[in-house]
Amino acid sequence: MTDAAELRRRTRALLEGQRPASTDRLDFLRARFDAGLAWVHYPEGLGGLGAPRALQAVVDAELAAAGAPDNDPRRIGIGLGMAAPTVLRHGTEEQQRRFLRPLWTGEEVWCQLFSEPGAGSDLAALGTRAVREGDTWVVDGQKVWTSSAHLARWAILIARTDPGVPKHQGITYFVCDMTDPGVEVRPLRQLTGEAEFNEVFLTGVRIPDSRRLGAVGDGWRVARTTLMNERVSIGGMRLPREGGMIGPVARTWRERPELRTHDLHQRLLGLWVESEVARLTAERLRQQLAAGQPGPEGSGTKLAFARLNQEISALEVELLGQEGLLYDDWTPRRPELVDFTGREAGYRYLRAKGNSIEGGTSEILLNIVAERVLGLPAEPRTDKDVAWKDLAR
C-alpha cells in the first residue's frame, strides 16, 4: 500500500532524476505523470498510484519546496476538473491513455460544449443534433458560454442522438476535436471587457464513434459526472486561510485604517468567518470523495462560493469608496485564465456576477441541495415522459 513515506521517496527520486533547475518544464511534467505523481489517487499508468486522494498534498509539498514547475492548473481547469474525471470513469482504456497525459501536462487545453441558447439551466433540453453515418457522427448545432474555446484542442460535448424519447434519454456524450472542419468559435465580450467566454457553431462536424464516451443515449448519466465534478472544482478548490476573494479585502482593512467604519467591520468579520467555514467544508468534501465519484454536496459548496464572492466583492468596493469605482483596463482581450485576485476591486465586483450562473445556476443548485441532500420532494415536472421532439419550444 502506498503511504506518505513511500510517496516522499518516489517524489525525491523524481527530483533526483529530473532536477527542476536543469530540466525542461514539459519534460518534468511528463516525467511526473509517468511516475504516478500527477494524481496519486488515479490508477497506475494513468498518472497515479491508486493511493488515497488526501496524500496528493504530500507530493505537492515536496515538489513546491524543490521549486518544481506546476502544470498551470488555472489555465487548464476545465480539463483537470471536468474532462479528466469523466474520461477516467466512462472512457475506454484507449481513450484514457490518449487523453489524460497531455491533458494533465497542459499540452492540450479542453473546453466544455454543454450550454446552448435554448438550454442553459434546463440543459437536458439541448437541441444540438448528432446523426450517425456508419462509424462517424455528424454534429450540427450551437453552444454558448464556452470558456477557453479559443484556446482548446478538445471539447467535451453532449448532443441529441434520439429526439423520439424524453429529453434526458436521447443524449450522447462525445469528445470533439476543436480543430476539425465545421467548428467555428466566436468571442462573447463580457461586463468586464474581456472575452473569456465564446459561442461555438458546429456545422457538419464529423466525430468518429471511437470518441464517444459511454453508451449511445446514455450521455445524461455521463454528463452528470462532469457537472458534479465541475461544481466541486469551482466551489471546492483548495485554498489557504484568507485565500480567494476574502484575502484582498482583509489586506486592505489592515493596511488602510482610514477606511474603517464600525458597520464595515461587522460585515467583514461575518464574511471572514463564512469564508473560513466554506474553506474547511470544501476540504472535508475533498477528503470524502472517491476518485471520480463526487456527490451532490459539491452543489452546496459551489452555492456558497458564488454568494460569498458576490458579497465580499461588494463589500470591497464599498470599503474603497471612490477608489472602488476605478477600472484599470477596458481593452477587449481574450484571456487564458480568470485572475480574480490579480486585478483591482472593480474587476472582482463585475466578474463575480457570473459566479451564480456559471457551473450551474444558483437556482438549479438550490433544487439539487433540496432534493438530493435534504430529501425534500422534487418539483413537479410535466415533461418527464414526453418525447423531446414533442416539447413546446
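Since this is a predicted model, take the numbers as computed values, not measurements. (Residues numbered from 1 in each chain as written. Predicted model: local features only at pLDDT ≥ 70, side-chain atom pairs only at ≥ 80, totals over all residues. Heavy atoms only, no water.)

Draft legend 1. Up close: the packing of aromatic side chains. The tally for this structure, following the rule as stated, stands at ten aromatic pairs. Ring centres of F99 and W110 lie 5.4 Å apart, and the angle between their planes is 85°; on these two criteria the pair is classed as edge-to-face. Within this pair, whereas F99 is found in helix 5 (residues 93-105), its partner W110 is found in strand 1 (residues 110-113), the two being separated by eleven residues in sequence. An identical accessibility class is assigned to F99 and W110; each is buried. Chaining the aromatic ring pairs together yields one cluster made of F33, W39, Y42 and W104. For R186, the ring lying beneath its charged end belongs to F201, and the centroid distance is 4.0 Å. For the cation-ring pair, R343 lies above Y347, with the distance from its terminal atom to the ring centre recorded as 4.2 Å. (Phe/Tyr/Trp six-rings, centres within 6.5 Å; stacked < 30°, edge-to-face > 60°. Helix = DSSP H or I, 4+ residues; strand = E, 2+ residues; numbered from the N terminus. Buried < 20%, exposed > 50% of the residue type's maximum accessible area, 1.4 Å probe, protein only. Lys NZ or Arg CZ within 6 Å of the ring centre and 35° of its normal.)

Draft legend 2. Highlighting the pairing of strand 1. Residues W110 and Q112 line one face of strand 1 and the alternating positions C111 and L113 line the opposite face, and both faces are buried. In terms of strand pairing, strand 1 meets strand 4 (residues 154-160) through four bridges, oriented parallel. Across the sheet, residue W110 finds its bridge partner in strand 4, namely W154. (Pairing = 2+ DSSP bridges.)

Draft legend 3. Up close: the pattern of salt bridges. Scanning all chains against the criterion turns up 40 salt bridges. Here R98 and E108 are joined by a salt bridge, their closest N and O atoms 2.9 Å apart. Residue R98 is located in helix 5, and its partner E108 is located in the loop between helix 5 and strand 1; the two are separated by ten residues in the primary sequence. A salt bridge links E323 to R256; the shortest N-O distance between them is 2.7 Å. Within this pair, whereas E323 is found in the loop between helix 9 (297-320) and helix 10 (345-351), its partner R256 is found in the loop between helix 7 (246-255) and helix 8 (262-288), the two being separated by 67 residues in sequence. Through salt bridges with shared partners, a single network forms among R98, E108, R153 and D177. (Salt bridge = Lys/Arg side-chain N within 4 Å of Asp/Glu carboxyl O.)

Draft legend 4. Up close: unusual backbone geometry. In this structure, W145 takes a positive phi of about 60° despite not being glycine. Along the chain, W145 falls in the loop between strand 3 (136-143) and strand 4. Residue class for W145 comes out exposed when judged on its relative accessible area of 53%.

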